[in-house]
Amino acid sequence: MAACGTAGGGSAGTAGVSRAPGPSPTADAAQLDAAEDFEVLEEEEEEEEEEEEEDLSELPPLEDMGRPPAPPREDTQPPEQDGGEAAEDPQEWLDVLGSGLLKKKTLVPGQGVDTRPRKGQDVTVRLKATLEDGSVVEENPALTFTLGDCDVLQALDLCVQLLEMGETALIVSDAKYCYGAQGRSPDVPPNAALTLEVELLAARDAPDLELLSGKEKIELANRKRERGNFFYQQADYVLAINSYDIALKVIGSSSKVDFSPDEEAELLDVKVKCLNNLAASQLKLDHYEAALKSCNLVLEHQPGNIKALFRKGKVLAQQGEYREAIPILKAALKLEPSNKTIHAELSKLVKKHADQKNVETEMYRKMLGNPSAAGAPGKCKDKLPWSIPWKWLFGATAIALGGVALSVVIAARN
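Residues numbered from 1 in each chain as written. Predicted model: local features only at pLDDT ≥ 70, side-chain atom pairs only at ≥ 80, totals over all residues. Heavy atoms only, no water.

Colleague: It is not clear to me how the pairing of strand β6 (residues 194-205) should be interpreted in this structure. Could you clarify?
Modeller: A regular strand places its side chains on the two faces of the sheet in alternate fashion. Sheet analysis places strand β3 (residues 121-130) next to β6, joined by 2 bridges and oriented antiparallel. Bridged to glutamine 121 within β6 is aspartate 205. Bridge count between strand β5 (residues 168-173) and β6: 6 bridges; the pairing is antiparallel. Across the sheet, the residue bridging to threonine 168 is glutamate 199, located in β6. (Pairing = 2+ DSSP bridges. Helix = DSSP H or I, 4+ residues; strand = E, 2+ residues; numbered from the N terminus.)

What follows is the structure, given as structure tokens:
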């Protein structure tokens, strides 16, 4: 499972929240960060060689995400004695998930179980993260995020729910719940375990979405969207979908505040980006019906959205609906005639459609009892269109003669 890097706080206006950079800066990641929904498509370029994915290098990047914010660097510097204590005094450690991959130990007691924060609240913690060699990779005196939204590393998101107000704890986490197999360039290597020292400073209810200003709602939705982009880069499409869904809920929430036309337009723009990226993530998981629905929602707002048209055509093609997919890709190509990716996909679908029609034609021939027709076209060409098989002529003659003979017999009896 991909890591949740810290990507901003839950409420608008939260300051000092470091953003989680995506995986190591590959060309695909850079495109994702700077692009719109084609972040997803461009990431697929690497997979094309293996899965015949489209080369979206020419399409605008996924979203206008200018590089997903990097998760707060948690310092994983376990105190020298703590590592040993984990082995010597296992009773002092809480095995959070029961797998031994995520453990928590209280260093300074808190104010009681009743003071633990709840999911959905905005929490503020002091954080220090270190690698196993003691290198500090993150220090944040006041990191704020929405608990349970996976705005931060999963290790942090899961364990803060177990902290009491004022408690300081040590968290030792496997890479699976931090930055995973990709790590975080340049300071967190791939598959690196982290040790987090965390103190819970505050917890408060998240702001009422109905009371957010247009600017605050846009900022909040963008933070959630950026987290989705981070997870997409980490190839954790389930968490990416979760983040895009949260962003869409923020955008779609009712409001008691009037927004300016510019704010309304910007909210729509963020919504379209989220839907496009959501479709890309759903497509990665083979959730074709859901991806088709996301594409259609984009096209309701922007009928000429190339990314949505491209993805819709791709979804239909994955479902074998080549006849429906081809005109959609042609429409996208008409909007951007020089796009090589759409050209390639369209050519591939036309060929598949032709192959599909040949298979159907052969199947119909077999159903009509003429399976050899396709296998011996030369023989058919040698026959004149008006020629009648000799067997038919012989049979017709025999029937005629039989009828005459029967008439003679009947006449003789009479």
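Colleague: Before we go on, may I ask you to explain the sheet that holds β5 in this structure?
Modeller: Read from one edge of the open sheet, 6 strands run β1-β2-β5-β6-β3-β4, paired in antiparallel fashion. Edge positions in the open sheet fall to β1 (94-95) and β4 (136-146), since each of these has one partner strand only. In this structure, strand β2 (residues 102-108) lies alongside β5, joined through 6 bridges in antiparallel fashion. When the sheet's bridge partners are listed, lysine 105 is paired in β5 with leucine 170.

Colleague: For this particular structure, what's the right way to read the packing of helix α9 (residues 306-318) against helix α10 (residues 322-335)?
Modeller: In a packed pair of helices, the relevant descriptors are the angle between the two axes and the axis-to-axis distance. Close contact between α9 and α10 brings their axes to 8 Å; oriented N to C, the two are set at 160°. Taken together, the axes of α9 and α10 are roughly antiparallel relative to one another. When the axes of α9 and α10 are compared, the crossing they make is left-handed. In this structure, α9 uses Ile306, Leu309, Phe310, Lys312, Gly313, Leu316 and Ala317 to contact α10, whose residues at the interface are Tyr322, Glu324, Ala325, Ile328, Leu329, Ala331, Ala332 and Leu335. Looking at side-chain class alone, the contact of α9 with α10 contains 12 nonpolar, 1 polar and 2 charged residues. (Axes fitted to C-alpha atoms, helices over the stretch in contact; angles between N-to-C directions. Parallel < 35°, antiparallel > 145°, perpendicular 65-115°, else oblique. Left-handed = near helix turned anticlockwise from the far one by under 90°. Contact = heavy atoms within 4.5 Å. Nonpolar A, V, L, I, M, F, W, Y, C, P; charged D, E, K, R; others polar.)

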